[in-house]
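Remarks on the overall topology
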Amino acid sequence: MKSLNQMKHLFKGSGHLVLLTTIFAFVTAFDGVVYPYFLGKFTDTLTEKAYDKIWLVIVLWGLSLVLITVGQLLYGYFLGKTRQNVNISLKDSVFKQAYQAGNEKKPSSEFINTILQDVKQIETQYVNSALNLIYCLLQGVIAFILVLYTDWKVGLVFVALGFIPSTVPKILEKWLKQGTEDWQKNNQVYTDALKDTLEARSLVKRYQAVPRIFERILVRLTAEEKSYFTMNFRQAVSRFGVSALYYVTTMIGLSYGVYQLIQGNLTVGQLITIYMAADRVTTPLVSIFTYYSWMAGTEPLITTILNPTTKSIVPKSPKFGDDEKILIDVKDVSVGYGKQPILSNVNLKIEDGDRILIQGPSGVGKSTLVRAIMNEVEPLDGEIQYGQKMSNGLTNHFAVVEQTPFLFNETLRFNLTLGQKTDDSKLIRILQQVGLGHLATKSQLDAHYGSENRILSGGEMKRLEVARALLYGKEILVVDESLSGLDDTAAEQLNQVIIDYPGTVIDIEHHLSEVIAKKYTKTLTLSINI
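Residues numbered from 1 in each chain as written. Predicted model: local features only at pLDDT ≥ 70, side-chain atom pairs only at ≥ 80, totals over all residues. Heavy atoms only, no water.

**A look at the overall build of the protein**
Across its full length, the protein holds 17 helices and 11 strands. What you see for the protein is a C-alpha radius of gyration of 34 Å, clearly larger than the 24 Å of a compact globule of 530 residues, by over 25%. Along the first, second and third principal axes, the C-alpha set of the protein runs to 110 × 55 × 50 Å. Taken over 530 residues, the protein has a buried fraction of 45%. Long-range pairs, those at least 24 residues apart, make up 79% of the contacts in the protein with a sequence separation of at least 6. As displayed, the protein has an accessible area near 28400 Å², and 60% of this comes from carbon and sulfur atoms. Of the charged side chains in the protein, 53 are positive and 51 negative, and the gap between their average positions amounts to 5 Å. (Helix = DSSP H or I, 4+ residues; strand = E, 2+ residues; numbered from the N terminus. Rg over C-alpha atoms; globule rule 2.2 N^0.38 Å. Buried < 20%, exposed > 50% of the residue type's maximum accessible area, 1.4 Å probe, protein only. Contact = heavy atoms within 4.5 Å. Areas by Shrake-Rupley, 256 points an atom, 1.4 Å probe, with all protein chains shown as cover. Lys, Arg positive; Asp, Glu negative; His and termini not counted. Charge placed at Lys NZ, Arg CZ, Asp CG, Glu CD.)

**Side note on the sheet that holds strand S9 (residues 476-480)**
Pairing in this open sheet of five strands is parallel, and the strands run S6-S9-S10-S4-S11 from one edge to the other. Because the sheet does not close on itself, it has two edges, and the strands there are strand S6 (398-401) and strand S11 (522-525). Within the sheet, the average angular offset between the axes of one strand and its neighbour, ignoring direction, is 15 degrees. Across four bridges, strand S4 (residues 355-359) lies against S11 in parallel orientation. (Pairing = 2+ DSSP bridges. Axes fitted to C-alpha atoms, helices over the stretch in contact; angles between N-to-C directions.)

**Observations regarding the sheet that holds strand S3 (residues 340-351)**
On the basis of which strands lie adjacent, the open sheet formed by four strands has the order S1-S5-S2-S3 and mixed pairing. The open sheet has two edge strands with one neighbour each: strand S1 (319-320) and S3. One ladder, built from two bridges, connects S1 with strand S5 (residues 381-386); its direction is parallel. Of the residues in S5, the one forming a bridge with Lys-319 is Gln-385. Strand contacts of helix H11 (residues 366-373): strand S2 (326-337), S3 and S5, with the helix running at about 130 degrees to S2, the strand carrying the most contacts.

**Describing the pairing of S4**
Buried residues dominate S4, accounting for four of its five residues. Relative to strand S10 (residues 504-509), S4 is paired through five bridges, and the arrangement is parallel. The residue of S10 that forms the bridge with Gln-359 is Glu-509.

**Quick look at the nonpolar core**
Counting residues in each nonpolar core, the largest one holds 44 residues, and the members touching the most others are Leu-10, Phe-11, Leu-90 and Ile-122. Where this core is concerned, the elements lending two or more residues are helix H2 (15-28), helix H4 (51-97), helix H5 (108-162) and helix H10 (268-306). The residues contacting Ile-122, other than those within four sequence positions of it, are Leu-90, Val-127, Leu-301, Ile-302 and Ile-305. Within the second largest apolar cluster, 37 residues are counted, among which are Val-401, Leu-494, Val-497 and Tyr-501. (Core = buried A, V, L, I, M, F, W, Y, C linked by side-chain atoms within 4.5 Å.)

**What about the packing of helix H3 (residues 31-47) against H5?**
As a packed pair, H3 and H5 sit with axes 8 Å apart at the nearest point and diverge in direction by 30 degrees. Compared by their axis directions, H3 and H5 come out roughly parallel. Touching Asp-31, Gly-32, Val-33 and Tyr-37 of H3 are Tyr-135, Gln-139, Ile-142, Ala-143 and Leu-146, all from H5. Across the contact of H3 with H5, the residue classes break down as six nonpolar, two polar and one charged. (Parallel < 35°, antiparallel > 145°, perpendicular 65-115°, else oblique. Nonpolar A, V, L, I, M, F, W, Y, C, P; charged D, E, K, R; others polar.)

**Notes on the environment of Ala-244**
Looking at the element boundaries, Ala-244 is found in helix H9 (residues 210-262). With a relative accessible area of 29%, Ala-244 lands in the partly exposed category. Measuring from C-alpha to C-alpha, the distance between Ala-244 and Pro-165 comes to 7.9 Å, with 79 residues separating the pair along the chain.

**Points about the environment of Tyr-449**
Relative to the helices and strands, Tyr-449 is located in strand S8 (residues 448-449). Once the C-alpha coordinates of Tyr-449 and Thr-521 are considered, the two residues, 72 residues apart in sequence, prove to be 36 Å apart. Reaching out from Tyr-449, the side chain makes a polar contact with the side chain of Gln-444 at a distance of 2.5 Å. (Polar contact = N/O pair within 3.5 Å; in protein donor to acceptor, adjacent residues only side chain to side chain.)

**Description of empty space enclosed by the protein**
Scanning the entire structure with this criterion turns up one cavity of 30 Å³ or more. Approximately 70 Å³ is the volume found for the largest cavity. Lining the largest cavity are Phe-158, Leu-161, Gly-162, Tyr-246, Thr-249, Thr-250, Gly-253, Tyr-275, Ala-278, Asp-279 and Thr-282. Mapped by element, the contributors of at least two residues to the lining of the largest cavity are H5, H9 and H10. Grouping the constituent residues of the lining of the largest cavity by class yields five nonpolar, five polar and one charged. (1 Å grid on protein atoms, 1.4 Å probe; cavity = no way out; pocket = protein on both sides within 12 Å on 5 of 7 lines; lining within 4 Å. Points joined across faces, edges and corners; volume = space filled by probe spheres on them.)

**Looking at the confidence of the model for the protein**
Should the pLDDT be low somewhere, the predicted coordinates at that spot are not to be read in detail. On average, the protein scores 86 in pLDDT, and the residues at 70 or more come to 97%. Here helix H1 (residues 2-10) stands out as the element of the protein with the lowest mean pLDDT, 74, in contrast to H2, whose mean of 93 is the highest. (pLDDT = per-residue confidence, 0-100.)

**Thoughts on the packing of aromatic side chains**
Think of a pair of aromatic rings as described by two things: how far the centres are apart, and how the planes are tilted against each other in angle. This model, assessed by the stated rule, comprises 16 aromatic pairs. Consider the rings of Tyr-37 and Phe-38, whose centres lie 5.2 Å apart with planes at 80 degrees: the pair is edge-to-face. Residue classification places Tyr-37 among the partly exposed residues on the basis of a relative accessible area of 31%. Phe-38 sits in the buried class, given a relative accessible area of 10%. Aromatic pair Phe-408 and Phe-414: ring centres 5.3 Å apart, planes at 85 degrees, arrangement edge-to-face. A network of ring pairs unites the aromatic residues Tyr-35, Tyr-37, Phe-38, Phe-42 and Trp-61 as a single cluster. (Phe/Tyr/Trp six-rings, centres within 6.5 Å; stacked < 30°, edge-to-face > 60°.)

**Topic: the pattern of salt bridges**
Overall, the coordinates contain 19 salt bridges when judged by the stated rule. One salt bridge connects Lys-366 with Glu-481, and the closest N-O pair in it is separated by 3.7 Å. Of this pair, Lys-366 sits in helix H11 while Glu-481 sits in the loop between S9 and helix H16 (488-499), and the two are 115 residues apart along the sequence. Accessibility expressed as a relative area gives 4% for Lys-366, which makes it buried. (Salt bridge = Lys/Arg side-chain N within 4 Å of Asp/Glu carboxyl O.)

Laid out in structure tokens, this is it:
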């Protein structure tokens, strides 16, 4: 039942393509009987010296082969289109999972690995196998009918013997699944370690830790490759068992057919037809169980994609108060890591237009408090209420200037608009407003930034964050230590851009000069719990 539900989910939206694939699989499946049937007819016609009938046999044989060839082309086309639809659906689903609540802390490498590797494995070992399994089933049924029509006694012997090899994959099913699960786990460990150590190259060199890191990666690489080898070897063992039993049973069946020929119960043509057609029954049967073993081996991957788990607890639904003047009311709130509070009994009323400075030493919990205010983490104690004007969705109201803003490897226009269609005149005006006048031209808007393209300074990227908040009309601008790392002049200029923001500002800073601190309407000074 579980496998059936997985199949329904995978092929959802592709039912018409599966139907067309099945139709042309049916046409193509006759390749299992056309050659055995006409070769048998051809042999008996020559044996009987009925030369007047031989040309009709040849013409019908040729026409049948042409029809099957056309069917093969269309079968391959619709199978490919079905596979394409499933791939798009799965990859799109995994990508969207990354944006679901609770997945914020899940490493990007997990999603990338699933999209680029796991989905490809599902394509080759599940989707292809499922569709080819249908083809093999049709071919086996058609060939079985021909075998029974030709001589049911001899045919049943061949077919009965053909069932024996098919038991191997079913017996080894759990063993095969375990191999896939072990490889999936070790592959994720290696991918994460690889990503970390590549990003930390400078750090590793600085502390002369290169040999230890090389050894660490080699251990994980070896474990991943061993588990990959084990997974493939287990599948090879399953295929070997199937093939070995197939060869033995085929020889037994052929021996029985020759005996019936000697007894005069079969013609040479009938023996050829039964032998070849029976092979089209047993071979698809073997292939069916081989495909089934591949599908069974990929079930853990499909389960992971269709039933994803989150890395963090999703906060409860926000509470909304009746006071229209208050945007956010923080009442006796405690926040921390796990169940250990680092801040306790925090009270803060945030009103429209406030310029709020939250300051304190590193590790005091400033960022954690603000994440709780944005309903991204659950407070350990206390309550946070929001004004009615924010009841249409909290994320619609907040913009955040991160300590290290993210820059897409895209145009400046895309980094500013995130794909939203906006007039250039508006973009240019906003860039000038935040002090990015040197970028406020059409040519600069179309210039690519990030990665190996042009780069922006830290201050420019933070101004770009403010510009995006202005473009989207965010009511609350949250600033996470944006002035750190800037000289006094640059810090004061960026701070003025933040203070001039036409909305409410919540600024988290480790330390500010008295001149800048006086610009805020409210100050919340935090200290570490002792």
